[in-house]
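A structural walkthrough
Listed here are the chains, written in short residue letters.
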Amino acid sequence: MANFYTSLSEVKNALSGGEVTVEGLVKHYLERIKANGHLNAFNEVFADEALQRAIEVDSRIKSGTSGRLAGMVIAIKDNISYKDHQVSASSKILDGFTAIFSSTIVERLLAEDAVIIGRCNCDEFAMGASNENSYFGPVKNFADPAKVSGGSSGGSAVAVQAGMCLAAIGTDTGGSVRQPASFCGVIGFKPTYGRISRHGIIAYASSFDQVGPITTSVEDAAILLEVMAGADEYDSTLSQRPVPHFSQNLAEPGKKKIAYLEEAITSPGIDKEVKDVLVKYIDKLREEGHTVEPVTFQYLDYLVPTYYILAMAEASSNLARYDGVHYGYRSLAATDLQSTYKKSRSEGFGKEVKRRIMLGTFVLSAGYYDAYYAKAQKARRLIREKTEEILSEYDFILTPTAPEPAFTIGEGSKDPVISYLADIFTVQASLTGLPAISLPMGNNNKGLPLGLQLLANKFAEEQLLNFSKYFLELKN
Ligand code: GLN
């Protein structure tokens, strides 16, 4: 089996044609994982267990009782709980911690006969955009192993990019599914906040965190969303609205009105080839009869600071639970309760996580609360209102996913503020809770993937998926 399958429907055809079995598929992917070990995409591979499950799925296929995801071999980001499996968020502080229950999404994926092949490397507690903040080291880009994978779901993106599984599940707080997908030439989809349960997902910033699929086809993004989405008694922020049959409803989208951010083309901070791709597809969409118009977003400069103030504030609260007592790592040098907290946290958290806990604590502190946290909440509301205003006139907002392609490992900016600024295009969907997708739109002249992002109205996933499928076909 030399070729990769690029969608579940292809796999299903091969399965029903007797060309392959799920067991054969798992063996194939295990070989790919082994051959690409140097990319560091996995924190753990569930080899024996995945093979065992594959055999069970094969027999259910034979007896006609298999689920919708039979044949789908997936990887999960290592911040998603899977009962009786270790989960680390790529942090030393969760060293040796085993999940005592499964996240809702894992239960739903398994119930439909997906096979989970392993847990993927990521930035520590999903904080980062290059996967260099992992306790287990950086993930390397399959297109060029000297380059970063993007992050924080870097391992998940590379696992799909390098054909180590058919699809992977990531989490996206400020771009962590979309940006690594863009760096790796695959599809990354963040649904509307409230679409997919966060139960059993290690929290980073709870008012932003969303689970999302990373795939090589829009159909697979659609079916994974369909399976994972929908009300869950364990997550009260979830919408109760019914989940459409996204994968069956993929249809010709018709003529659309699309806004693009003018600054994405005029700003000197955006890579030339990234701009060229954007311009090329704006022209192409116009040729196809869509309305594509520039808009200016007056709060553009506030997106990144607003996101980081709020995300860090929420993180400082969420990460308070890692005290050296309840979970994972405990310092050997601890002598009493105080020193258990202090030393376990000092030794267990990495540098970036500590920076964010401290900044988050600062912006929430009594003397500064109004100046930072309360102000950022107000800014978030303005950003949401203005974005919704644009989307009341247009179907989508088109931007690059990231201002630059994947950069060289170790050569990211030493100044964290500069790194944070690279999240400019992805955090808008996160601050507003809107769905957004990153689509692979070809490579630059060095062979590095470039992605474009489409952002849509709340719960307009169906329109977004339909248009994405069409858009990608337009490319080919
Ligand atoms: N790069 C952003 C951050 O570091 C987004 C990360 C994410 O979406 N988890 O916060």
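Residues numbered from 1 in each chain as written. Predicted model: local features only at pLDDT ≥ 70, side-chain atom pairs only at ≥ 80, totals over all residues. Heavy atoms only, no water.

1. Notes on the packing of helix α7 (residues 218–228) against helix α16 (residues 461–475)
How two helices pack is summed up by the angle between their axes together with the distance between the axes. Orientation of α7 relative to α16, taken along the N-to-C sense of each, is 165 degrees, at an axis distance of 9 Å. When the axis of α7 is compared with that of α16, the two are roughly antiparallel. Here α7 runs over α16; the crossing is right-handed. Contacts between α7 and α16 involve Val218, Glu219, Ala221, Ala222 and Leu225 on the former and, on the latter, Glu461, Leu465, Ser468, Lys469 and Leu472. Residue composition of the contact of α7 with α16, by class: six nonpolar, one polar and three charged. (Axes fitted to C-alpha atoms, helices over the stretch in contact; angles between N-to-C directions. Helix = DSSP H or I, 4+ residues; strand = E, 2+ residues; numbered from the N terminus. Parallel < 35°, antiparallel > 145°, perpendicular 65-115°, else oblique. Left-handed = near helix turned anticlockwise from the far one by under 90°. Contact = heavy atoms within 4.5 Å. Nonpolar A, V, L, I, M, F, W, Y, C, P; charged D, E, K, R; others polar.)

2. Re the packing of aromatic side chains
Using the criterion set out here, one finds 21 aromatic pairs in the structure. When the ring of phenylalanine 97 is compared with that of tyrosine 327, the centres are 5.3 Å apart and the planes differ by 70 degrees; the resulting orientation is edge-to-face. You can see phenylalanine 97 sitting in the loop between β2 (73–77) and α4 (104–111) and its partner tyrosine 327 sitting in the loop between α10 (300–318) and α11 (337–348), a full 230 residues away along the chain. Arginine 241 extends its terminal NZ or CZ atom over the ring of phenylalanine 459, reaching a point 4.0 Å from the ring centre. In this arrangement the basic side chain of lysine 257 is found over the ring face of tyrosine 394, its NZ or CZ atom lying 4.9 Å from the centre. (Phe/Tyr/Trp six-rings, centres within 6.5 Å; stacked < 30°, edge-to-face > 60°. Lys NZ or Arg CZ within 6 Å of the ring centre and 35° of its normal.)

3. Details of the pairing of strand β5 (residues 144–148)
Here two bridges tie strand β4 (residues 140–141) to β5, and the two strands are oriented antiparallel to one another. The partner of asparagine 141 across the bridge, within β5, is aspartate 144. The loop that links β4 with its antiparallel partner β5 comprises two residues. (Pairing = 2+ DSSP bridges.)

4. Some points on the nonpolar core
With 148 residues, the main nonpolar core has Leu109, Ile117, Phe125, Ile169, Leu398, Leu465 and Phe471 as its most contacted residues. Ranked by residues supplied to this core, first place goes to α10 with 10 residues. (Core = buried A, V, L, I, M, F, W, Y, C linked by side-chain atoms within 4.5 Å. Buried < 20%, exposed > 50% of the residue type's maximum accessible area, 1.4 Å probe, protein only.)

5. Points about the environment of isoleucine 383
Among the secondary structure elements, isoleucine 383 is positioned in helix α13 (residues 370–393). Spatially, the C-alpha atom of isoleucine 383 lies 19 Å from that of isoleucine 258, the residues being 125 residues apart in sequence. If near-sequence neighbours (up to four positions away) are discounted, isoleucine 383 is found in contact with Phe297, Tyr299, Tyr302, Leu303, Thr306, Leu431 and Thr432.

6. A closer look at unusual backbone geometry
Trans is the prevailing form of peptide bonds, just as negative phi is the prevailing case for residues other than glycine. Between glycine 151 and serine 152 the backbone carries a cis peptide bond, its omega angle lying at 10 degrees. Locating serine 152 in the fold gives a position in the loop between β5 and α5 (154–161). Phi is positive for alanine 126, close to 65 degrees, though the residue is something other than glycine. As for its placement among the helices and strands, alanine 126 is situated in the loop between β3 (115–120) and β4. Residue classification places alanine 126 among the buried positions, given a relative accessible area of 5%.

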